[in-house]
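Survey of secondary and tertiary structure
Spelled out from the first residue to the last, the chains are:
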Amino acid sequence: MKNIIFIGGIHGVGKGTICKEIELKTDLIHLTASQILKWEKISESSNKLVKDISSTQNRLIIGLKNLIKKDQKYLLDGHFCLLDSNGIPNRIDENTFDQISPKVIVVVIDDVKKIAKKIEARDNKIYDVNILDQLQQMEIGYAKYLSDKYSIPYVEIKDGNYNQLMEII
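In this report, the structure presented in the accompanying data block is examined. Source: prediction; values computed, not measured. (Residues numbered from 1 in each chain as written. Predicted model: local features only at pLDDT ≥ 70, side-chain atom pairs only at ≥ 80, totals over all residues. Heavy atoms only, no water.)

A separate point is the overall build of the chain. Secondary structure summary: the chain contains eight helices and eight strands in total. Counting only residues that meet the buried cut, the chain has 49% of its 169 residues in that class. For the chain, the share of sequence-separated contacts (at least 6 apart) that also reach a separation of at least 24 residues comes to 79%. In the structure as shown, the chain presents an accessible area of about 8900 Å², 48% of it carried by carbon and sulfur atoms. (Helix = DSSP H or I, 4+ residues; strand = E, 2+ residues; numbered from the N terminus. Buried < 20%, exposed > 50% of the residue type's maximum accessible area, 1.4 Å probe, protein only. Contact = heavy atoms within 4.5 Å. Areas by Shrake-Rupley, 256 points an atom, 1.4 Å probe, with all protein chains shown as cover.)

Laid out in structure tokens, this is it:
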């Protein structure tokens, strides 16, 4: 697809907020993996566990292929890793990223205790901070790996500071 900046991070870290701000300042179009998957039709919005990660990612790729236009540039916010149906962090299959073919890999990170409070208030359920920390560390490691694999820029956004990404854009 070659015209996608992939912005990942755990649920509640602020990917969407950052993408909306960048969209207002650039000609990039903000898409979310959840919107493309029509997550609300396949699961409750508060459910962060994914029954079949592979099937979900195939659905994402099909949705992107139907949506992406070659003459547009996109910010796709999604995840490098997800919690499976047992609540265990898992990497998303590399094939998904092979097909997305991002031109930049971005990971949004924050203090997991702060994230936990935010998503607990939003979803009205308790999240294990240790699992969230494990998931975030896995996201960071996998994002760096994919950046190296594709020889594309890797950007970390901390404390909402996306200046480095804006320089690349």
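What follows deals with unusual backbone geometry. At Asn124, a residue that is not glycine, the phi angle is positive and equals roughly 55 degrees. In this fold, Asn124 is placed in the loop between α6 (112-123) and α7 (129-150). A relative accessible area of 72% places Asn124 in the exposed class. The residue Asp159 is not glycine, and still its phi comes out positive at about 55 degrees. When you line up the elements, Asp159 lands in the loop between β8 (154-158) and α8 (163-168).

On to the pairing of strand β1 (residues 4-8), then. Of all five residues in β1, five are buried; the element is thus mostly enclosed. Burial along β1 is two-sided: the face carrying Ile4, Phe6 and Gly8 and the face carrying Ile5 and Ile7 are both buried. Strand direction decides the pairing type here: β1 and strand β4 (residues 74-78), joined by five bridges, are parallel. Opposite Ile7, over in β4, you have Asp77 as the bridge partner. Direction of pairing for β1 relative to strand β7 (residues 104-109): parallel, over a ladder of four bridges. Bridge assignment links Gly8 to a residue of β7, and that residue is Val107. (Pairing = 2+ DSSP bridges.)

Along the chain, the position of Gln57 falls in helix α4 (residues 53-67). In this structure Gln57 comes out as buried when scored by relative accessible area, which is 6%. Along the primary structure Gln57 and Ala33 are separated by 24 residues, whereas in three dimensions their C-alpha atoms are 9.2 Å apart. When sequence neighbours within four positions are dropped, the list of residues in contact with Gln57 reads Leu82, Ile92 and Thr96.

What follows is about the packing of aromatic side chains. This model, assessed by the stated rule, comprises five aromatic pairs. Between the aromatic rings of Phe6 and Phe97, the centroid separation amounts to 5.1 Å while the plane-to-plane angle is 85 degrees, which identifies the pairing as edge-to-face. Of this pair, Phe6 sits in strand β1 while Phe97 sits in helix α5 (residues 94-100), placing them 91 residues apart in sequence. This pair shows no difference in class: Phe6 is buried, exactly as Phe97 is. Ring pairs connect the aromatic residues Phe6, Phe80, Phe97, Tyr142 and Tyr145, which therefore count as one cluster. A cation sits over an aromatic face here: Arg91 above Tyr145, 5.7 Å from the ring centre. (Phe/Tyr/Trp six-rings, centres within 6.5 Å; stacked < 30°, edge-to-face > 60°. Lys NZ or Arg CZ within 6 Å of the ring centre and 35° of its normal.)

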